[in-house]
Amino acid sequence: MSFTVITGPARVSGNLFAFALDVMVALFRRPFQLKEFLLQAWFIVKVTIVPTAFVAIPFGAVIALQTGGLIKQFGAQSFTGSAAVLAVVQQAGPIATALLIAGAAGSAIAADFGARRIREELDAMMVLGIDPIQRLVVPRVLATMLVAVFLNGIVTVVGVAGGYVFNVVLQDGTPGAYLASFTALAQLPDLYQGMIKALIFGFLAAIVASYKGMNAKGGPKGVGDAVNEAVVITFTLLFVVNFFITAVYIQLIPPKGM
């Protein structure tokens, strides 16, 4: 029994990795399901765009208040804008995007595949010679990655704008100093890092959601369990991957001024 408990997570991790490899191989197969891709991209936009806009504002506000208060203690108020931009672009933007993608889009993907599994639609497709990964998973993965990049841009813009407003209104900062300090510490590769993070996070969210949904068992309760597990696993993976990407980025591209 204990051996089964130990090997269970390892087996699931191996199956998830194998599933991700199958999806990456299927990305290059033809024909590409363009209609399914567009439909899924529009669906993901609909379920995430409004929550993203509302979440980005408090993210920017909290970061501006925290960084502004901390920097003020060191007497470096002129760097408030740059510090806020770094925090939003490198960390807050991609993480907020990933959480919304995993919570909204990922849960919807897992529920859709789980329902198809218990109705035996996926088995029927395989009997007809149709690969469910190429037909259903690949368009959803690409759509999630594309939307994640655009949502990251929205979170970044709204977060920086929110930080500007709260810094100027609540912390008596000057608009000119806030805007002029953007390039003091921030650099263009920081923006690229945020976009790459969003792309990877979108891929992970779609992969985990698709895998858990396609392996749902036990009827409607199993579908609900698969959705919950997909969200929890995705959140865990996102924070772990974010740590490694940030560590590698700092080693490859030192902070500006160092």
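For clarity, every value in this text was computed on a predicted model and none was experimentally measured. (Residues numbered from 1 in each chain as written. Predicted model: local features only at pLDDT ≥ 70, side-chain atom pairs only at ≥ 80, totals over all residues. Heavy atoms only, no water.)

1. Regarding unusual backbone geometry
Stated formally: The way it works is that DSSP assigns letters per residue, a run of H or I at least four long becomes a helix, a run of E at least two long becomes a strand, and they are numbered from the N terminus.
The residue after Arg-30, namely Pro-31, is reached through a cis peptide bond having omega 5°. Position of Pro-31 relative to the elements: it lies in the loop between α1 (2-26) and α2 (34-73).

2. Considering the pattern of salt bridges
The test is simple: What counts as a salt bridge is simple: a side-chain nitrogen of Lys or Arg found within 4 Å of a carboxyl oxygen of Asp or Glu.
Following the criterion strictly, the structure yields 10 salt bridges and no others. Note that Glu-36 is salt-bridged to Arg-135, the shortest N-O span being 3.7 Å. Here the residue Glu-36 occupies a position in helix α2, and Arg-135 occupies one in helix α5 (residues 132-170), the gap between them amounting to 99 residues. Glu-229 is paired through a salt bridge with Lys-212; the nearest N and O atoms lie 2.7 Å apart. Remark: Lys-212 occurs in helix α8 (residues 188-214) and Glu-229 occurs in helix α9 (residues 219-252); sequence separation between them is 17 residues.

3. As for the packing of aromatic side chains
How we decide: Any two of the Phe, Tyr and Trp rings considered here, Trp counted by its six-membered ring, make a pair once their centres fall within 6.5 Å; the pair's planes then place it as stacked at under 30 degrees, edge-to-face at over 60, or tilted in between. Throughout this description, buried means an accessible area under 20% of the type-specific maximum (1.4 Å probe, protein chains only), exposed means over 50%, and partly exposed covers the range between.
Enumeration over the complete set of coordinates arrives at 3 aromatic pairs. Measuring from centroid to centroid gives 5.3 Å for Phe-243 and Phe-244, while their planes differ by 75°, and the two rings are edge-to-face. Residue Phe-243 shares its accessibility class with Phe-244, and that shared class is exposed.

4. Quick word on the side chain of Asn-152
As a reminder of what qualifies: We call two residues in contact when some of their heavy atoms are within 4.5 Å.
Its place among the elements puts Asn-152 in helix α5. Note on Asn-152: relative accessible area 3%, which makes it buried. Those residues within four positions of Asn-152 in sequence are excluded, and the remaining contacts are Gly-93, Pro-94, Thr-97, Gly-194, Met-195 and Ala-198.

5. Overview of the packing of α5 against α8
The condition is simple: Think of each axis as a best-fit line through the C-alpha atoms, taken over the contacting stretch in the case of a helix, with angles from 0 to 180 degrees between the N-to-C directions. Put simply, a crossing is left-handed when the front helix is turned counterclockwise from the back one by less than a right angle, and right-handed when it is turned clockwise. Polar here means any residue outside two lists: the nonpolar Ala, Val, Leu, Ile, Met, Phe, Trp, Tyr, Cys and Pro, and the charged Asp, Glu, Lys and Arg; Gly therefore counts as polar.
α8 packs onto α5 with a crossing angle of 145° between their chain directions and a minimal axis gap of 8 Å. The crossing of α5 and α8 is right-handed. Contact with α5, carried on its side by Pro-132, Val-137, Arg-140, Val-141, Thr-144, Met-145, Ala-148, Val-149 and Asn-152, involves Gly-194, Met-195, Ala-198, Leu-199, Gly-202, Phe-203, Ala-206, Ile-207, Ser-210 and Met-214 of α8 and no other residues of that element. Classifying every residue of the contact of α5 with α8 gives 13 nonpolar, 5 polar and 1 charged.

6. Here we look at the confidence of the model for the chain
Heads up, the rule is: Here pLDDT means the predictor's own confidence in every residue, given as a number from 0 to 100.
Summarising the model, the chain shows a mean pLDDT of 80, and 83% of its residues fall at 70 or more. Within the chain, no element has a lower average pLDDT than helix α7 (residues 182-185), which sits at 67, and none a higher one than α8, at 88. Segment residues 1-6 is flagged for pLDDT under 50; beyond a separation of four residues in sequence, or across chains, it makes 0 contacts in the model.

7. Some points on α5
Quick reminder of the rule: An expected span of 1.5 Å times one less than the residue number is assigned to each helix. Values of bend correspond, residue by residue, to the angle between axes fitted over the seven residues ending at that residue and the seven starting there. Each polar contact in these results corresponds to two N or O atoms within 3.5 Å; when the atoms are within protein, one needs to be able to donate a hydrogen and the other to accept it, and residues that are neighboring in sequence are counted only if both atoms are side-chain atoms.
Between its first and last C-alpha, α5 extends 53 Å over 39 residues, near the 57 Å set by a 1.5 Å rise per residue. At Val-138, α5 is deflected by roughly 30°, the largest bend along its length, and proline Pro-139 occurs up to four residues later in sequence. Where α5 begins, the side chain of Asp-131 points an oxygen toward the backbone nitrogen of Ile-133, at a separation of 3.2 Å.

8. As for the nonpolar core
To keep it simple, the criterion reads: As used in this record, nonpolar core signifies buried Ala, Val, Leu, Ile, Met, Phe, Trp, Tyr and Cys residues forming a set joined through side-chain atoms within 4.5 Å.
Counting residues in each nonpolar core, the largest one holds 29 residues, and the members touching the most others are Phe-19, Val-23, Phe-113, Ile-133, Val-137, Val-141 and Ile-207. Only α1, α3 (80-118), α4 (121-127), α5, α8 and α9 provide two or more residues apiece to this core. Among the elements that make up this core, the one with the highest residue count is α8 (9 residues). Grouped together as the second largest cluster of nonpolar side chains are 11 residues, Ile-101, Ala-102, Ala-105 and Val-147 included.

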